[in-house]
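# Architecture at a glance
Chain residues, written in single-letter form:
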Amino acid sequence: MGQNKTVKGLVQRNGIWHIEKQISGQRIRKSTGTADKREAEKFLVFLLEQHRKTMIYGERLQYTFEQAATRYIKEETKKSLPRDIQDLRQVMPCIGGLMLEQVHDGTLQGFVDQRREDGVKSGTVNRALSVVGIVLKRANKRYRDVNGRPWLAHVPEITKQNWGDKRKAHILTDLEEYYLMAALSDDFRRIVGFLLNTGLRAGELCALRWDWLEPREHLSCFVFAGEKTKNQLDRLIALNSNALQILSQQRGLHEYYVFPGRSGQRKELKSTGWRRGRERAADAFERGEGKPASDSFRNLRLHDLRHTFATRLRRLGVSHETRKDLMDHAQGDVTTLYSQVEVFELWRSVELLCSRDLGADILQFPAKSPHGHHLKQGGLG
């Protein structure tokens, strides 16, 4: 690391000039983005002039997107913050050093083009762009300089990308479910079975605790407090016979968590075991059925199980309103929201899933496929 001794406030790191200066008690640390000393000096002079105008005329201080993003990360507490940080790291090389006023569709186009070239889905890119938008809104609505002025005067509209590449949900067929269950480990077979019979999100299943299990007359339900769900709404999970059977197999594995990992609560379910299991299932399907497995089955997502749960309820004639409740679109305090009659209706609806021939058999191996093949853990036998 070489340090410039003639121009105060500039430091060279890895060939790039950085500003390290304190002005009126405010510490400025940022990259000039250039290896050219004269360009770096011009940038520093620009910042000094901005500060002078602010002190004399009360003009708004200029902040970079990186400064706004850093403050956002420090102050936000939402559950999805780790994913937001991941998205911000991806956009930072493109816009991190820009002033907030310079962040718009045009300056973000390089990021968008690169991600598309890398084969990233437009939905994934849109998530990153939405985080950029949130940071800009915070800079406009919440963040204030020493004169009480917003960091950003106006928030630009950031265009969503649509490349026609959105992956449709894969609704699991009975036959695919046979092959999937046969290919999974005992642990993941119970997880998948529980997701298919409750409609839980994967993250909710990871957090599921035994002390959330409540008796309701002759029924059993899990009650999620709003802070534990994705949309911050309280949720009641009605348990059908299949779900209760799986719970009986989970008893004693952990004091608190229903589906524990090796050291307590699971962080996520997207593990090697899941990826290898669905690959084995697709391979076994192709061997047993003599035709290719669909790409969406071979790359089955855990969230597809939630879509499968909802679709099966619809096909069984469950009403739209009841499906909304079961999918966690109901609001209010679930300890008082539902009457016993309504809880029974939720249970009756999910119990219909157990009437399917597949449901009861697949939880107890060995089982038979519709073709009469015997299934066992790891594939066809």
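To start, this report covers the structure provided alongside it.

### Examining the overall build of the chain
The secondary structure content of the chain amounts to 16 helices and 10 strands. For the chain, the proportion of its 381 residues judged to be buried stands at 45%. Taken as a whole, the chain presents about 20400 Å² of accessible surface, with 48% of it coming from carbon and sulfur.

### Quick notes on the pattern of salt bridges
Overall, the coordinates contain 20 salt bridges when judged by the stated rule. Glu75 is the salt-bridge partner of Arg71, the closest N and O atoms lying 2.7 Å from each other. Taken together, the residues Arg71 and Glu75, both in helix H2 (residues 65-75) and four residues apart, mark about one turn of the helix. When its relative accessible area of 45% is taken as the criterion, Glu75 is described as partly exposed. Residues Arg209 and Asp211 are paired through a salt bridge, measuring 3.1 Å at the closest nitrogen-oxygen approach. A relative accessible area of 22% places Arg209 in the partly exposed class. One continuous salt-bridge network, built from bridges that share partners, spans Lys78, Arg83, Asp84, Asp87 and Arg127.

### Side note on the nonpolar core
If you look at the biggest cluster of nonpolar residues, it comprises 40 residues, and the most contacted ones within it are Leu180, Phe194, Leu208 and Phe222. Taken together, the elements giving at least two residues each to this core come down to helix H6 (174-183), helix H7 (186-198), helix H8 (202-207), strand S6 (219-224), helix H9 (241-250), helix H10 (272-289) and helix H12 (302-315). Broken down by element, this core gets its largest block of residues, six residues, from H7. Apart from residues no more than four positions distant in its own chain, Leu208 is found in contact with Phe194, Leu200, Phe222, Phe224, Tyr256, Tyr257, Val258 and Phe259. Ranked by size, the runner-up nonpolar core spans 29 residues in total, among them Ile95, Leu100, Phe111 and Val131.

### So, the pairing of S6
S6 sits mainly inside the fold: five of its six residues count as buried. Pairing of strand S5 (residues 213-216) with S6 involves four bridges; the strand directions are antiparallel. Counted as the bridge partner of Glu214 is Cys221 from S6. Taken together, the four bridges between S6 and strand S7 (residues 235-238) define a ladder with antiparallel strand orientation. Across the sheet, residue Val223 finds its bridge partner in S7, namely Leu236.

### Re the environment of Glu176
Checked against the element boundaries, Glu176 lands in helix H6. Judged by its relative accessible area of 8%, Glu176 falls in the buried class. As a C-alpha pair, Glu176 and Ala282 span 106 residues in sequence and 8.3 Å in three-dimensional space. The contacts of Glu176, once residues within four sequence positions are left out, are His170, Ile171, Phe285, Ser294 and Phe297. Within polar-contact distance, the side chain of Glu176 engages the side chain of His170 at 2.8 Å.

### Comments concerning the packing of aromatic side chains
If you walk through the whole model with that rule in mind, you get seven aromatic pairs. Pairing Phe194 with Phe259 gives two aromatic rings, centres 5.1 Å apart and planes at 55 degrees, and the pair type is tilted. One end of the pair, Phe194, is in helix H7; the other, Phe259, is in the loop between H9 and H10, and 65 residues separate them in sequence. For the pair Phe194 and Phe259, one class covers both residues: buried. Seen in terms of ring centroids, Phe344 and Trp347 are 5.4 Å apart; in terms of plane orientation they differ by 40 degrees. Their pairing is tilted. Pair noted here: Phe344 and Trp347 are both in helix H15 (residues 340-351), with a separation of three residues, about one helical turn. Put simply, the rings of Tyr63, Tyr143 and Trp151 touch in pairs and so form one group of aromatic residues.

### Points about unusual backbone geometry
Look at Asn14: it is not a glycine, yet its phi comes out positive at around 50 degrees. Structurally, the position occupied by Asn14 is in the loop between strand S2 (10-13) and strand S3 (16-23).

### Points about the side chain of Thr322
By the secondary structure assignment, Thr322 is in helix H13 (residues 320-326). When its relative accessible area of 10% is taken as the criterion, Thr322 is described as buried. For Thr322, the side chain forms a polar contact with the side chain of Ser319, separated by 2.9 Å. Thr322 has contacts with Glu345, Leu346 and Ser349, leaving out every residue within four places of it along the chain.

Calculation criteria
- Residues numbered from 1 in each chain as written.
- Predicted model: local features only at pLDDT ≥ 70, side-chain atom pairs only at ≥ 80, totals over all residues.
- Heavy atoms only, no water.
- Helix = DSSP H or I, 4+ residues; strand = E, 2+ residues; numbered from the N terminus.
- Buried < 20%, exposed > 50% of the residue type's maximum accessible area, 1.4 Å probe, protein only.
- Areas by Shrake-Rupley, 256 points an atom, 1.4 Å probe, with all protein chains shown as cover.
- Salt bridge = Lys/Arg side-chain N within 4 Å of Asp/Glu carboxyl O.
- Core = buried A, V, L, I, M, F, W, Y, C linked by side-chain atoms within 4.5 Å.
- Contact = heavy atoms within 4.5 Å.
- Pairing = 2+ DSSP bridges.
- Polar contact = N/O pair within 3.5 Å; in protein donor to acceptor, adjacent residues only side chain to side chain.
- Phe/Tyr/Trp six-rings, centres within 6.5 Å; stacked < 30°, edge-to-face > 60°.

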